[in-house]
Amino acid sequence: MWLSNSSVGRKVVMSVTGIALVLFLTFHMAMNLVAIISADGYNMICEFLGANWYALVATAGLAALFIIHIIYAFWLTMQNRKARGSERYAVTDKPKTVEWASQNMLVLGIIVIVGLGLHLFNFWAKMQLPELMHNMGMHADTLTLAYAANGAYHIQQTFSCPTYVVLYLVWLFALWFHLTHGFWSSMQSLGWNNKVWINRWKCISNIYSTIVVLGFALVVVVFFVKTLICNGAC
């Protein structure tokens, strides 16, 4: 019960779920990069990760991790605010040692959640969901079902729209800040916080988060440029 009854326990839960989500983001980013190289190759991956039982189990697991991460994030934030009391309203200089991302993790987290909702609307709701509905005997639009495994098509359609391009880049920008702080902070919560390793983790966190976010952003930009070259329209 210490995982929920103590501040240290709640931070451990936040750290473990956060690291698991970072690993998923890494896999998702690498998978998306395939779409730049080969549309057919990417569609093969999408078909493999459709509404199959193992993909559904993984999706449910990811959803559980994300929900737990969100709940504990808000829980810790409210706990910290309650502990500070009226002090949080006092006008004081911000310590130079405190990162901007650290002071705005809640806001960054909310932007990430909103961006995730947009991502689910543009991709999951048009790919895995129709297949799942079809497998359960529920009505699914025939055209939508036909394009369910055509991930490259959905990427091209989404990022042919300048509005979505801007929204996704803003989302990725917020995600970068969230990851750069969250990654090394997780390591600190798990006990790897001595003076030598904490600085190393901060460096690794910046490099790793940059690679992941740039990988996602590259897909957005490349497909948008393809639309411009092909004179596509939103």
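Residues numbered from 1 in each chain as written. Predicted model: local features only at pLDDT ≥ 70, side-chain atom pairs only at ≥ 80, totals over all residues. Heavy atoms only, no water.

**Details of the overall build of the protein chain**
Summing up its helical and strand segments, the protein chain has 11 helices and 0 strands in all. What you see in the protein chain, going N to C, is helices and strands ordered as α-α-α-α-α-α-α-α-α-α-α. Taken across its 234 residues, the protein chain has 34% of its residues classed as buried. Looking at the protein chain alone, contacts between residues at least 24 apart form 75% of all its contacts between residues at least 6 apart. Summed over all atoms, the accessible surface of the protein chain reaches about 14,000 Å², with 70% contributed by carbon and sulfur. (Helix = DSSP H or I, 4+ residues; strand = E, 2+ residues; numbered from the N terminus. Buried < 20%, exposed > 50% of the residue type's maximum accessible area, 1.4 Å probe, protein only. Contact = heavy atoms within 4.5 Å. Areas by Shrake-Rupley, 256 points an atom, 1.4 Å probe, with all protein chains shown as cover.)

**Observations regarding a nonpolar patch on the surface**
Together, Phe-48, Trp-53, Tyr-54 and Val-57 make up a nonpolar patch on the protein surface, roughly 480 Å² of accessible area in all. Here the nonpolar patch takes 3 residues from helix 4 (residues 53–84), the largest share from any one element. Within the secondary structure layout, Val-57 lies in helix 4. (Patch = residues over 30% accessible without salt bridge, like charges linked within 9 Å, V, L, I, M, F, W, Y side chains within 5 Å. Salt bridge = Lys/Arg side-chain N within 4 Å of Asp/Glu carboxyl O.)

**Some thoughts on the UniProt feature "transmembrane region" (unreviewed entry) in the protein chain**
The feature "transmembrane region" (unreviewed entry), as annotated in UniProt, sits at residues 12–39, 51–75, 105–125, 165–184 and 205–225 in this numbering. From the first C-alpha to the last, residues 12–39 spans 40 Å; its make-up is 96% helix and 0% strand. As annotated, residues 105–125 has a helix share of 86% and a strand share of 0%, and its two end C-alpha atoms lie 28 Å apart. (UniProt positions renumbered as here; feature names shortened; annotations may be inferred.)

**Some remarks on the side chain of Thr-158**
With respect to the helices and strands, the residue Thr-158 is situated in helix 9 (residues 151–158). Residue Thr-158 is classed as buried on the basis of its relative accessible area of 3%. A distance of 2.8 Å separates a polar atom in the side chain of Thr-158 from the backbone oxygen of His-154. In contact with Thr-158, not counting residues within four places along its chain, are Asn-122, Phe-123, Tyr-164 and Tyr-168. (Polar contact = N/O pair within 3.5 Å; in protein donor to acceptor, adjacent residues only side chain to side chain.)

**As for the nonpolar core**
Residues Tyr-42, Ile-155 and Phe-159 are the most contacted members of the largest nonpolar core, which totals 31 residues. When residues of this core are traced back to their parent elements, those giving at least two are helix 2 (7–37), helix 3 (39–48), helix 9, helix 10 (162–189) and helix 11 (195–229). When sequence neighbours within four positions are dropped, the list of residues in contact with Ile-155 reads Ala-35, Tyr-42, Phe-123, Val-219 and Phe-223. (Core = buried A, V, L, I, M, F, W, Y, C linked by side-chain atoms within 4.5 Å.)

**Notes on the packing of helix 2 against helix 3**
For the pair helix 2 and helix 3, interaxial distance at closest approach is 6 Å and the crossing angle is 145°. Residues Met-31, Asn-32, Val-34, Ala-35 and Ile-37 of helix 2 pack against Ala-39, Gly-41, Tyr-42 and Ile-45 of helix 3. Residue composition of the contact of helix 2 with helix 3, grouped by class: 7 nonpolar, 2 polar and no charged. (Axes fitted to C-alpha atoms, helices over the stretch in contact; angles between N-to-C directions. Nonpolar A, V, L, I, M, F, W, Y, C, P; charged D, E, K, R; others polar.)

**Observations regarding helix 10**
The end-to-end C-alpha distance of helix 10, which contains 28 residues, comes to 40 Å, matching closely the 40 Å that a straight helix rising 1.5 Å per residue would cover. Immediately downstream of helix 10, the backbone of Gly-191 shows phi near 105°, a positive value. (Expected span 1.5 Å × (residues − 1).)

**So, the packing of aromatic side chains**
This model, assessed by the stated rule, comprises 11 aromatic pairs. The interplanar angle of 45° and the centroid separation of 6.3 Å between the aromatic rings of Phe-123 and Phe-159 together place this pair among those described as tilted. Here Phe-123 is found in the loop between helix 6 (105–122) and helix 7 (128–135), whereas its partner Phe-159 is found in the loop between helix 9 and helix 10, with 36 residues between them in sequence. Using a relative accessible area of 9% as the deciding quantity, one classes Phe-123 as buried. (Phe/Tyr/Trp six-rings, centres within 6.5 Å; stacked < 30°, edge-to-face > 60°.)

**Considering the packing of helix 2 against helix 10**
Orientation of helix 2 relative to helix 10, taken along the N-to-C sense of each, is 130°, at an axis distance of 9 Å. Judged by the angle between their axes, helix 2 and helix 10 are oblique. Every pair of crossing elements has a handedness; the one defined by helix 2 and helix 10 is left-handed. The segment helix 2 lies against helix 10, with Lys-11, Val-12, Ser-15, Ile-19, Val-22 and Leu-25 engaging Leu-175, Leu-179, Phe-183, Ser-185, Ser-186, Met-187 and Ser-189. Partitioning the contact of helix 2 with helix 10 into residue classes produces 8 nonpolar, 4 polar and 1 charged. (Parallel < 35°, antiparallel > 145°, perpendicular 65-115°, else oblique. Left-handed = near helix turned anticlockwise from the far one by under 90°.)

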